[in-house]
Amino acid sequence: GPFALETGIPHFRTGRSVADPIDPVVVADDSVISGLDYWRQLPIKQQPSWPDADAVARASAQIASFPPLVFAGEVDILRERLARAASGDAFLLQGGDCAETFAGATADQIRNRVKTILQMAVVLTYGASMPVIKMGRMAGQFAKPRSSDTETRGDVTLPAYRGDIVNGYDFTPESRRADPARLVEGYHTAASTLNLIRAFTQGGFADLREVHSWNKGFASNPANHRYEQLAHDIDKAIRFMEAAGADFDELKRVEFYTGHEGLLMDYERPMTRIDSRTGTPYNTSSHFLWIGERTRDLDGAHVDFLSRVRNPIGVKLGPTTTPETMQKLIDKLDPNREPGRLTFITRMGAGKIRDALPPLLEAIKATDANPLWVTDPMHGNGITTPNGYKTRRFDDVVDEVKGFFEAHRHAGTHPGGIHVELTGDDVTECLGGSEQLDEAALATRYESLCDPRLNHMQSLELAFLVAEELAK
Ligand code: PEP
Ligand code: MN
C-alpha cells in the first residue's frame, strides 16, 4: 500500500514512478497530504504577496473547476516527439513573448506570432530535412520572475510588475497591487489564445500549400525575400508530388504545442488534474512547462511540484550550473529516465557558452540520462543601453547559437532545439540584424513590458542561420 518517509521526497527514495497516482507524503504534524501539495511545505521563490488570502483561495478554487486547456493525450504525444528530438531525429522550436499580456491577446498579434513560428519551422524543416516540433511561449506565459520584489522610480517604491496574471504594469499603487481576479482572467485569456491557435493550425491556415501566404502582411526585407525563394521551392515540390498522385493530408494541419514557465503556483496547482485514463496528474494549463533559472532550487517548491506531473518538463540552466546540480535535477525530475521527459534549456550567454556547456555535455555522457538540449540564446545576453533600454544584440544571440552547436558537435551530443523570445510584429527591441537596428532606433517601437524580443525579420534570419548549423 501507499507509504511515505518523514523527510525528503518520498517517491525518489522508494523508486516509485513519478506517475504514481497515490503519492501521499507524511508531513511534520504526522498528517498525510497529497504529493501534489507537498510544495507548500518547501521554500518557495518568486510568488506575489497577495493582499487577500481568501480571495486567492476562491480564485484558485474557481480555476480548479474550469475545463482543462490541454489534454493528457496531447501531452503524451508531445513527450514522444521530444524524445525524438533528444535522440537527434527532430528539432524543437519554442518561441513567443517574454511576457504575454492580456491586451496583447488580439487576433492580429496571435496570428502574427503563429505565422512567424510556422515560417521559422518551414525554414528549419526544409534546411535541415528534419521534423520540427512547434511550440509557442503562448497561452499561459503571463507570470514573470523578477530580480527584485520592488521597483523604484524617483522617490517612489512599488511592488515589481510580475506579469499580467498578478498585477498591472502601470506604475501606480493600485495597478501594482497583486489582484487575484487576474488569475481567473489569465485562464480565460489563455483559453481564447489557445482556441485561436487551434483554429489557425487545424483549420487550413497552416496548410503547407499556404506557405507563401504566411509571408504576406510583413514589411518587405531581406529575410522575407530569402523566405519567398524557399517558399517557391516548397511550392514546386508540393505541386510535383501532387501531380505524381501523393496524398497530402499530413500537410493540411500542424501540431502546435504550448509552453510557459511553471512559476505561479496559485495558477499551476489548480490547473493540475488527475487524468481519468491513467489516474496520473497532468498540468492541463500547458503541454510543456519549464522551471526558470531563479526557481530551480533542488529542494524548492517548483522542482518538487513539477517532478510530480506527467508533462514534459524543461529546466533553464545558466552559466553557473555544475555537473552535480545537473545530475541532481535529473534524479529529481526524471528518476525513470523516461524519453522526452526532461529538457535542459541552456542560457549561458555568448561569452560563456563555449566554457560553460562542454563540462555539462561531458558529464551527461557518463550518465544513463538522455535529456533534450535546447539553446535559449536570449537570457544570457541582456544589456542596457545608455539611453535606458533593456536590449540584446542580434550578433550575441547568433554567437550563442553557434557556440551551442559547436559544443554539441565537439561532444557528440544532439543540439535539439532553440528557445527564443520573439514577436511577429515589427518591433524595435533587439539591436542589429540585417536592418542594423541601432540604439536610437530602439525608441521607435519598443513594446515589450519585460525582455526584448526578436522582431519578425530577426526571427526569420535566425531560423536561416540555425538551419545552416543543422545542415552542417
Ligand atoms: C524567461 O524565459 O523569460 C526567463 C525569465 O528566463 P530565465 O529563467 O532563463 O532567466
Ligand atoms: Mn524573458
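Look a little higher up for the structure.
Just so we're clear, the structure is a prediction, and the values are computed from it rather than from any experiment.

Student: Hey, could you run me through the coordination of the manganese ion (ligand 2) in this one?
Tutor: Reference geometry at the metal: tetrahedral coordination by four donors gives ideal angles of 109.5 degrees; octahedral coordination by six donors gives 90 or 180 degrees. The coordination sphere of the manganese ion (ligand 2) contains the protein donors C98 (SG), H379 (NE2), E421 (OE) and D451 (OD), at a distance range of 2.1 to 2.5 Å. All donors to the manganese ion (ligand 2) come from one chain, and their sequence spacing reads C-x280-H-x41-E-x29-D. Of the two residues, H379 is situated in the loop between β13 (372-375) and β14 (383-384) and E421 in strand β16 (residues 415-421); the sequence distance between them amounts to 42 residues. According to the relative accessible area criterion, E421 is buried, its value standing at 0%.

Student: How should helix α12 (residues 353-365) be read in this particular structure?
Tutor: Helical geometry note: an α-helix holds 3.6 residues per turn, so side chains three or four residues apart project in the same direction. When the terminal C-alpha atoms of α12 are compared, their 18 Å separation across 13 residues agrees well with the 18 Å that a helix rising 1.5 Å per residue should span. Within the sequence span of α12, burial applies to I353, A356, L357, L360, L361 and I364. On an axial view of α12, the arc spanned by its buried residues comes to 125°, and they lie on one face. Against β11 (313-317), α11 (323-333), β12 (342-346), β13 and α13 (394-411) lie the buried residues of α12.

Student: Is there a simple way to explain the pattern of salt bridges in this structure?
Tutor: A side chain with one charge can pair with a side chain of the opposite charge if their charged atoms come near. Here the structure, examined in full by the defined rule, presents 38 salt bridges. Among the ionic pairs, D297 bridges to K45, the shortest N-O distance being 2.9 Å. With D297 in the loop between β10 (288-291) and α10 (301-307) and K45 in the loop between β2 (32-34) and α2 (53-65), this pair connects stretches of sequence that are 252 residues apart. Taking the relative accessible area as the measure of exposure, D297 reaches 33% and is therefore partly exposed. Under the relative-accessibility criterion, K45 is labelled partly exposed at 42%. For E151, the salt bridge goes to R153, with nearest N and O atoms at 2.9 Å. One network of salt bridges, with partners in common, ties together D76, R79, D275, R277, R310 and E338.

Procedures and definitions
- Residues numbered from 1 in each chain as written.
- Chains lettered and ligands numbered in written order.
- Predicted model: local features only at pLDDT ≥ 70, side-chain atom pairs only at ≥ 80, totals over all residues.
- Heavy atoms only, no water.
- Donors = N, O, S within 2.8 Å, 3.2 Å for Na, K, Ca; no water.
- Helix = DSSP H or I, 4+ residues; strand = E, 2+ residues; numbered from the N terminus.
- Buried < 20%, exposed > 50% of the residue type's maximum accessible area, 1.4 Å probe, protein only.
- Expected span 1.5 Å × (residues − 1).
- Arc of directions from axis to C-beta.
- Contact = heavy atoms within 4.5 Å.
- Salt bridge = Lys/Arg side-chain N within 4 Å of Asp/Glu carboxyl O.

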